[in-house]
Amino acid sequence: MLLGALNYNNNPALLLTCLLGAACYQSVFQAFRTLNGVELRSLQAEPCHAGDVLYFTLTFRAAGRPRQSLRAGLGDIEILFDMAAADDTRVRIGVPTRQRGWQHSGRIRLHCEFPFGLFRVWSWLNPDFAALVYPRREEPAAPLPRADDAAADLPMRRTGDEFAMLRDYHPSDARRSIAWKASARHDTLLVKEFEQRRGREIVLDWEATSSLGHEARISRLTRWVEDAEALQHSYLLQLPDQRVGPGMGSDHRHACLRALALLPGAAG
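Residues numbered from 1 in each chain as written. Predicted model: local features only at pLDDT ≥ 70, side-chain atom pairs only at ≥ 80, totals over all residues. Heavy atoms only, no water.

1. Some thoughts on the overall build of the chain
What counts here: Secondary structure elements follow DSSP: runs of H or I no shorter than four residues count as helices, runs of E no shorter than two count as strands, and numbering proceeds from the N terminus. Only the protein chains shown count as covering a residue, and every accessible area follows the Shrake-Rupley method with a 1.4 Å probe.
The helix and strand inventory of the chain stands at 5 helices and 15 strands. Of the roughly 16,400 Å² of accessible surface on the chain, a fraction of 52% belongs to carbon and sulfur atoms.

In structure tokens, the structure reads:
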């Protein structure tokens, strides 16, 4: 274009050539300036089951000035985002999962085509990070094993809604548990005590699934853990080389699902 404009002494063509040259220069310079100084501060992941989407949360920080039109990519998944100056920016990227166990994040591609999209400036991030993928849940669900019917229900005292008895006040008792009206009638401090009924824990035994294949056994135990937790039953996970529990709650659930996810086998 420059040679043609000079040959024909065409001023509009010369002007267009200069404008295109300036746009190319600014595209490279601005894209590099946008990417320069961006820092990956942390990388986190939310546990999921095999077959679900595993979400990585990347926290970036940019020093000095806002950044526009950045792209972060994991595999074939890309997220477009902007960054504010000196504030952390969180980017959530979901990638599909196929098997249980540890899944490494792999290389993260950070690039920019701002402002004109003529050139791409990129950088590769290589964090040493892996997320735990829980085993796949059995569908449809098999019924939960039954607790020992011969065991009588055991009372467990706690603070709740089911009133059990009144007892004398101790200095360690909370003030909100004091029965003020009853205390006024008896001329002494009395405390309300509550209870719930607690049966024996459900045993989720590896040997109880012996008719299934290896991964199918893990999937069934995984579903039982989720169902027992949803029903607020105390449960014990019995595996060939370890036992987890008894207990319930998010920490116990994670411990059980982690043990199942890391069992040796074809998908480990």
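2. Topic: the packing of aromatic side chains
For clarity, the cut-off: Only Phe, Tyr and Trp rings take part, Trp by its six-membered ring, and two of them pair if their centres are within 6.5 Å. Stacked means planes under 30 degrees apart, edge-to-face means over 60, and tilted covers everything else. Accessible area is worked out with a 1.4 Å probe on protein chains only. A residue is then buried under 20% of its type maximum, exposed over 50%, and partly exposed in between. Two conditions define a charge sitting above a ring: the NZ of Lys or the CZ of Arg must be within 6 Å of the ring centre, and it must be within 35 degrees of the ring normal.
Scanning the entire structure with this criterion turns up 3 aromatic pairs. Judged by centre distance (6.1 Å) and plane angle (5°), the ring pair of Tyr25 and Phe29 falls under stacked. With Tyr25 and Phe29 both in helix α2 (residues 11-35) and 4 residues apart, the pair spans about one turn of that helix. Among the residues examined, Tyr25 registers a relative accessible area of 54% and is labelled exposed. Considering the side-chain rings of Phe60 and Phe81, the 5.5 Å spacing of their centres and the 15° angle between planes classify their relative orientation as stacked. Placement of the pair is Phe60 in strand β3 (residues 53-62) and Phe81 in strand β5 (residues 77-83), with a sequence separation of 21 residues. Taken as a pair, Phe60 and Phe81 share a single burial class, namely buried. Residue placement shows Arg107 over the ring face of Trp124; its charged tip is 3.8 Å from the ring centre.

3. Comments concerning the nonpolar core
The test is simple: Here, nonpolar core means buried Ala, Val, Leu, Ile, Met, Phe, Trp, Tyr and Cys residues that are tied together by side-chain atoms lying within 4.5 Å of each other.
Of all hydrophobic cores here, the largest spans 26 residues; its most connected members are Phe56, Phe60 and Phe81. For this core, the element with the highest residue contribution is β3, accounting for 5 residues. Ile202, Trp206, Ala228 and Ala259 belong to the second-largest nonpolar core, a separate cluster that totals 21 residues.

4. Focus: the sheet that holds strand β7 (residues 101-104)
In a beta sheet, neighbouring strands pair by backbone hydrogen bonds and run either parallel or antiparallel. Worth spelling out the cut-off: Two strands qualify as a pair provided DSSP detects at least 2 bridges between them. Should any heavy atoms of two residues lie within 4.5 Å, those residues are counted as being in contact. For helices, the fitted axis covers only the stretch in contact; all axes are lines through C-alpha atoms, and the angles between them, taken along N-to-C directions, range from 0 to 180 degrees.
Read from one edge of the open sheet, 3 strands run β2-β10-β7, paired in mixed fashion. Of all the strands in the sheet, the pair left with one neighbour each is β2 (48-49) and β7. In the packing of helix α5 (residues 250-261) onto the sheet, contacts are made with β2, β7 and β10 (130-134), and the angle to β10 comes to roughly 95°.

5. Quick word on the sheet that holds strand β14 (residues 235-238)
Strand order in the open sheet formed by 3 strands is β13-β14-β15, with mixed pairing between adjacent strands. The open sheet terminates on both sides in strands that have one partner only, identified here as β13 (202-205) and β15 (243-247). The average undirected angle you get between the axes of adjacent strands in this sheet is 10°. Strand direction decides the pairing type here: β13 and β14, joined by 4 bridges, are parallel. Its bridge partner being in β14, Leu204 is matched across the sheet by Leu237.

6. Details of the side chain of Glu138
Threshold: Throughout this description, a polar contact denotes any pair of N or O atoms lying within 3.5 Å of each other; where both atoms belong to protein, one of them has to be capable of donating a hydrogen while the other can accept it, and for residues adjacent in sequence the pair is counted only when both atoms sit in side chains.
The residue Glu138 is located in the loop between β10 and β11 (154-168) in this model. When its relative accessible area of 14% is taken as the criterion, Glu138 is described as buried. Within the structure, the side chain of Glu138 is placed 3.4 Å from the backbone nitrogen of Ala142, a separation counted as a polar contact.

7. Digging into the confidence of the model for the chain
Which entries qualify depends on this criterion: The predictor attaches a confidence to each residue, and that confidence, scored 0 to 100, is pLDDT.
Mean pLDDT for the chain: 85, with 89% of residues reaching 70 or above. The low-confidence segment residues 149-161 (pLDDT under 50) makes 24 contacts with residues lying over four places distant or belonging to another chain.

8. Considering the environment of Ala130
For Ala130, the position within the fold is in strand β10. The spatial distance from the C-alpha of Ala130 to the C-alpha of Gln44 is 9.1 Å, given a sequence separation of 86 residues. Setting aside chain neighbours within four positions, we find Ala130 in contact with Trp102, Gln103 and His104.

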